[in-house]
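Commentary on secondary and tertiary structure
Here are the chains, one letter per residue:
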Amino acid sequence: MVAMLLGTGFEPLEAVAPCDILRRGGVEVKLAAIGEKLVEAGHGVRVEADCTLAELDVKSLEMIILPGGLGGVRAIGASNAALGAVREVYDAGGFVAAICAGPTVLAKLGLLEGRRATCYPGCEDEMAGAVMQNAGVVRDGRIITGRAAGAAADFGLALLAALKGEDEAKRVAAEIVYER
């Protein structure tokens, strides 16, 4: 199972597009709210999460995803439970993924030390230890990072390829008429 953490002010495109792509590929994705289940995203979009972070079985996760949006990233960074969940998934051998400002959380946890990564332009100063790449999506082992909302589909397809293989990612890309 995969969990996407949603904090108030998250970037909706960076959460919904990858979630949709993963679900099209047969991946069970839980939208997990930090706080109440009805989460106010950026741009006035409201999303009802599948569960709260407190209800999430972190031990069952093969991947945890952090969408960007400064408010959402601040909510994740301020939540010891969220930070603990990211660390627990990584330490158990799972994938950790983040897009936009989300990779800064991974850097603060020390997960990007010596690893290739990307993030939202302007957040590079918060990416201590990362080997920054000028790319929309970067995978370095079990860590996948994305630049911004414009890379949301590529990010989702990279997540799917990591979990289900490149052939499944190509199948879903064709289904949504997306050319990489």
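Notes on the structure in this doc start here.

Cut-offs used in this document
- Residues numbered from 1 in each chain as written.
- Predicted model: local features only at pLDDT ≥ 70, side-chain atom pairs only at ≥ 80, totals over all residues.
- Heavy atoms only, no water.
- Helix = DSSP H or I, 4+ residues; strand = E, 2+ residues; numbered from the N terminus.
- Expected span 1.5 Å × (residues − 1).
- Pairing = 2+ DSSP bridges.
- Contact = heavy atoms within 4.5 Å.
- Axes fitted to C-alpha atoms, helices over the stretch in contact; angles between N-to-C directions.
- Polar contact = N/O pair within 3.5 Å; in protein donor to acceptor, adjacent residues only side chain to side chain.
- Salt bridge = Lys/Arg side-chain N within 4 Å of Asp/Glu carboxyl O.
- Buried < 20%, exposed > 50% of the residue type's maximum accessible area, 1.4 Å probe, protein only.
- Phe/Tyr/Trp six-rings, centres within 6.5 Å; stacked < 30°, edge-to-face > 60°.
- Lys NZ or Arg CZ within 6 Å of the ring centre and 35° of its normal.
- Right-handed = clockwise from strand over helix to strand, strands pointing away.
- Core = buried A, V, L, I, M, F, W, Y, C linked by side-chain atoms within 4.5 Å.

When the terminal C-alpha atoms of helix 1 (residues 12-24) are compared, their 18 Å separation across 13 residues agrees well with the 18 Å that a helix rising 1.5 Å per residue should span. Phi turns positive, to about 85°, at Gly26, one or two residues after helix 1.

What follows is about the sheet that holds strand 5 (residues 51-52). Judged by pairing direction, the sheet is mixed, and its 7 strands sit side by side in the order 5-2-1-6-7-11-10 without closing on themselves. With partners counted over all chains shown, the strands left at the sheet margins are strand 5 and strand 10 (137-140), one partner each. Where helix 1 meets the sheet, its contacts fall on strand 1 (2-6), strand 2 (29-33), strand 6 (63-66) and strand 7 (95-99), and the angle it forms with strand 1 comes to roughly 165°.

Attention now goes to the side chain of Glu168. Of note, Glu168 is situated in helix 6 (residues 166-175). Within polar-contact distance, the side chain of Glu168 engages the side chain of Arg171 at 2.7 Å. Apart from residues lying up to four places away in sequence, Glu168 is in contact with Arg24, Gly25 and Leu160.

Let us look at the pattern of salt bridges. Any two side chains of opposite charge can pair if their charged atoms end up close together. On inspection of all chains with the given rule, the structure shows 10 salt bridges. The salt bridge partner of Lys59 is Glu88, with a shortest N-O separation of 3.2 Å. Of this pair, Lys59 sits in the loop between strand 5 and strand 6 while Glu88 is found in helix 3 (residues 80-91), placing the two residues 29 residues apart along the sequence. Given the relative accessible area of 32%, Glu88 is considered partly exposed. Notably, a salt bridge pairs Glu168 with Arg171, separated by 2.7 Å at the nearest N-O pair. In this pair, Glu168 and Arg171 are both assigned in helix 6, 3 residues apart and thus about one turn of the helix distant.

Under the definition given, this model contains 0 aromatic pairs. The residue whose ring lies beneath Arg142 is Tyr90, and the NZ or CZ to ring-centre distance is 4.2 Å.

What follows concerns the pairing of strand 1. Where burial is concerned, most of strand 1 is hidden: 5 out of the 5 residues are buried. Relative to strand 2, strand 1 runs parallel, the two being bridged by 5 bridges. Paired with Leu6 across the bridge in strand 2 is Ala33. Crossover strand 1 to strand 2 through helix 1 is right-handed.

This part takes up the nonpolar core. Among the nonpolar cores identified, the biggest contains 33 residues, and Leu5, Val86 and Leu106 are the most heavily contacted of them. For this core, the elements supplying multiple residues, two or more each, are strand 1, strand 6, helix 2 (70-77), helix 3, strand 7 and helix 4 (103-108). Among the elements that make up this core, the one with the highest residue count is helix 3 (6 residues). In contact with Leu5, other than residues within four places in its own chain, are Ala32, Ile34, Leu53, Ile64, Ile65, Leu66, Pro67, Ile76, Ala82 and Val86. Listed in part, the 32 residues of the second largest apolar core include Val2, Ala41, Cys100 and Val172.

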